[in-house]
Amino acid sequence: MKLYQALRHVDKFRTVFDFGGREVAHWFPGHMAKGLKQMRANLKSVDCIIEIHDARISFLLYHTIKQNPVFQDTLSAKPHLLILNKMDLADLSNKQRILKKLEKEGMTHVLFTDCLKQRDDNIKKLVPMVMDIIASKPRFNREENTNYCLMVIGVPNVGKSSLINSLRRTNLKKGRASRVGGEPGITKAVLTKIQVCERPIMYLLDTPGVLPPKIESVETGMKLALCGTILDHLVGEDIIADYLLYSLNRLGKFSYVEKYDLQEPSDDIQHVLKRIAVKLGKTQRVKAITGVGNVTITIPNYTAAAYDFIRAFRKGELGQVMLD
Ligand SMILES: Nc1nc2c(ncn2[C@@H]2O[C@H](COP(=O)(O)OP(=O)(O)OP(=O)(O)O)[C@@H](O)[C@H]2O)c(=O)[nH]1
């Protein structure tokens, strides 16, 4: 759909999203506090922290983590590199704006990556960048060590394990060492130390995804959910799908119209999900009682359609976005 055609509908779009009094408190699983403890205990042996975020919500994540006092106490003293991953899903026309915002916050070592790409030139830059960062700060108790240890941190599902695998592919020509999952919270095991480079010898500690427990608003929580950071069923596929539609319309990303054979952009999630269900054959047969007896009717499976809509977005099929 051409932008000028779609913009005719702009007046119809919602300008604010109704969260219906939802609370984020119960969206975050308990194992995250444990992860934080493990991280703290291992920090002494770490030379540089690799903080990894989803490039679509990088500033939001960076800011949320930075605000958390526990993170501040634990991490601020260590050299730091910020990875903005999933760059293939992000609208990089906003790249400079994001980098400027991060610079204002004092974060100048930033690298955009796509960890699924077989050869990502940016991944190649990681080790030299880390060496520069480490060289610019005292190593304290680790002066004599000729090998280096990194700790990777980030919220669930941002690609921590994929980053490790990508580094091993690039620097060691070796395959998968860390399990990759589509659902948040796959990396639940205790910290594992994995080699990611031969010259210099460099290890990386994989951590369970750790999310700061305090999220400033439901909207922040919803963006995290949309990017797959929170288990869908804790938030609800129906509202995530509605927030997705709201976001796509606000950003002028209308490729969903053609993908699902809609006539025009719509802000009505029931209407959109119905079209998706019909297009993908996601329907269910239910019994209905009528005046003339029981009949079986076919109705759209809204939950299955919502799930498909969200999945398509996460795979980048509905366009690249920047939700910051
Ligand atoms: N499009 C895209 N997908 C990615 C990228 N990196 C990782 N993914 C996908 O994101 C999902 C999560 O990746 P993981 O590497 O398991 O993430 P994690 O941070 O280790 O996850 P937790 O174990 O939940 O903390 C998987 O489906 C990956 O295939 C990327 O650069 N681009």
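Since the model is a prediction, treat every value here as computed from it, not as a measurement. (Residues numbered from 1 in each chain as written. Predicted model: local features only at pLDDT ≥ 70, side-chain atom pairs only at ≥ 80, totals over all residues. Heavy atoms only, no water.)

### Concerning the overall build of the protein
Spelled out, the test is: Only DSSP runs of H or I covering at least 4 residues are called helices, and only runs of E covering at least 2 are called strands; the numbering of each starts at the N terminus. When accessible area is computed with a 1.4 Å probe and restricted to protein chains, residues below 20% of their type maximum are described as buried, those above 50% as exposed, and intermediate ones as partly exposed. Contacts are assigned to residue pairs that have any heavy atoms within 4.5 Å of one another. Surface accessibility follows the Shrake-Rupley procedure with a 1.4 Å probe radius. Residue values consider only the protein chains on display as shielding.
Scanning the protein from terminus to terminus reveals 13 helices and 8 strands. Taking all 324 residues of the protein together, the buried fraction comes to 51%. A fraction of 72% describes how many contacts in the protein between residues 6 or more apart in sequence connect residues 24 or more apart. Just so you have it, the protein exposes about 16200 Å², and 50% of that area is on carbon and sulfur atoms.

### A few points about the state of the cysteines
Formally: Disulfides are defined as pairs of cysteine sulfur atoms found within 2.5 Å of each other.
One pass over the structure, following the stated rule, counts 0 disulfides. Distance from the sulfur of C48, which forms no disulfide, to the nearest cysteine sulfur (C149) is 10 Å. For C48, a relative accessible area of 0% puts it in the buried group. This cysteine, C197, is not joined by any disulfide, and C149 carries the nearest cysteine sulfur, 13 Å off.

### Topic: helix α6 (residues 121-135)
What counts, and what does not: Under the convention used throughout, the expected extent of a helix is 1.5 Å for every residue step, that is, one less than its residue count. Values of bend correspond, residue by residue, to the angle between axes fitted over the seven residues ending at that residue and the seven starting there.
A rise of 1.5 Å per residue sets the reference length of α6, with its 15 residues, at 21 Å; its end C-alpha atoms lie 22 Å apart and thus fit the reference within 8%. At V127, α6 shows its maximal kink, close to 30 degrees; a proline, P128, follows between one and four residues later. For α6, every residue scored as buried is listed here: N122, I123, L126, V127, V130, I133 and I134.

### Description of the packing of aromatic side chains
Put simply, the rule reads: The criterion for an aromatic pair is that two Phe, Tyr or Trp rings (for Trp, the six-membered ring) have centres within 6.5 Å, with stacked assigned to planes under 30 degrees apart, edge-to-face to planes over 60 apart and tilted to the rest.
Enumeration over the complete set of coordinates arrives at 8 aromatic pairs. Their ring planes at 35 degrees and their centres at 5.9 Å tell us that F19 and Y243 sit as a pair that is tilted. Taken as a pair, F19 in the loop between α1 (3-7) and α2 (31-42) and Y243 in helix α10 (residues 237-251) lie far apart in primary sequence, 224 residues in all. Judged by its relative accessible area of 2%, Y243 falls in the buried class.

### A closer look at the UniProt feature "binding site: GTP" (unreviewed entry) in the protein
Applied cut-off: UniProt positions are given in the numbering used here, feature names are shortened, and annotations may be inferred rather than shown by experiment.
UniProt records the feature "binding site: GTP" (unreviewed entry) at N85, K86, M87, D88, N157, V158, G159, K160, S161, S162 and G209, using the numbering of this structure. With respect to the secondary-structure elements, G159 resides in the loop between β4 (148-153) and α7 (160-172). By relative accessible area, G159 is classed as buried at 11%. Leaving out residues up to four positions away in the same chain, G159 has contacts with I52 and N85.

### Things to note about the nonpolar core
Threshold: To form a nonpolar core, buried Ala, Val, Leu, Ile, Met, Phe, Trp, Tyr and Cys residues must be joined to one another through side-chain atoms within 4.5 Å.
Counting 70 residues, the largest nonpolar core has I50, L126, V130, L163, Y256, F309 and L318 as the members making the most contacts within it. Residue contributions to this core peak at 8 residues, all from α10. Discounting residues that sit within four places of it in the chain, L126 has contacts with I50, L81, I83, L111, L150, L163 and L167.

### A look at the environment of Y148
Within the fold, Y148 resides in strand β4. Given a relative accessible area of 14%, Y148 falls into the buried group. Between the alpha carbons of Y148 and V46 there is a distance of 7.6 Å; along the sequence they are 102 residues apart.

### Quick word on the packing of helix α3 (residues 58-67) against helix α8 (residues 218-226)
The following threshold applies: Orientation is described by lines fitted to C-alpha atoms, with helices fitted over the stretch in contact, and by angles between N-to-C directions that extend from 0 to 180 degrees. Any angle that falls under 35 degrees is termed roughly parallel, while one over 145 is termed roughly antiparallel, one within 65 to 115 roughly perpendicular, and all others oblique. Put simply, a crossing is left-handed when the front helix is turned counterclockwise from the back one by less than a right angle, and right-handed when it is turned clockwise. Classes in brief: Ala, Val, Leu, Ile, Met, Phe, Trp, Tyr, Cys and Pro nonpolar; Asp, Glu, Lys and Arg charged; the others, Gly included, polar.
Remark: α3 packs on α8, axes separated minimally by 11 Å, with the N-to-C direction vectors making an angle of 120 degrees. One finds that α3 runs oblique with respect to α8. As for how α3 packs across α8, the hand of that crossing is left-handed. Contacts between α3 and α8 involve L60, L61 and T64 on the former and, on the latter, T220, K223 and L224. For the contact of α3 with α8, a count of residues per class yields 3 nonpolar, 2 polar and 1 charged.

### Overview of the sheet that holds strand β3 (residues 110-112)
Note the threshold: A pair of strands is labelled paired if DSSP reports no fewer than 2 bridges between them.
Judged by pairing direction, the sheet is mixed, and its 6 strands sit side by side in the order β3-β2-β1-β4-β6-β5 without closing on themselves. With one partner strand each, in any of the chains shown, β3 and β5 (192-197) form the two edges of the open sheet. Neighbour to neighbour, the strand axes of the sheet diverge by 30 degrees on average, direction disregarded. Bridge count between β5 and strand β6 (residues 202-206): 5 bridges; the pairing is antiparallel. Across the sheet, the residue bridging to C197 is M202, located in β6. Across the sheet, helix α5 (residues 95-104) lies against β2 (80-85) and β3, angled at about 155 degrees from β3, the strand it touches most.

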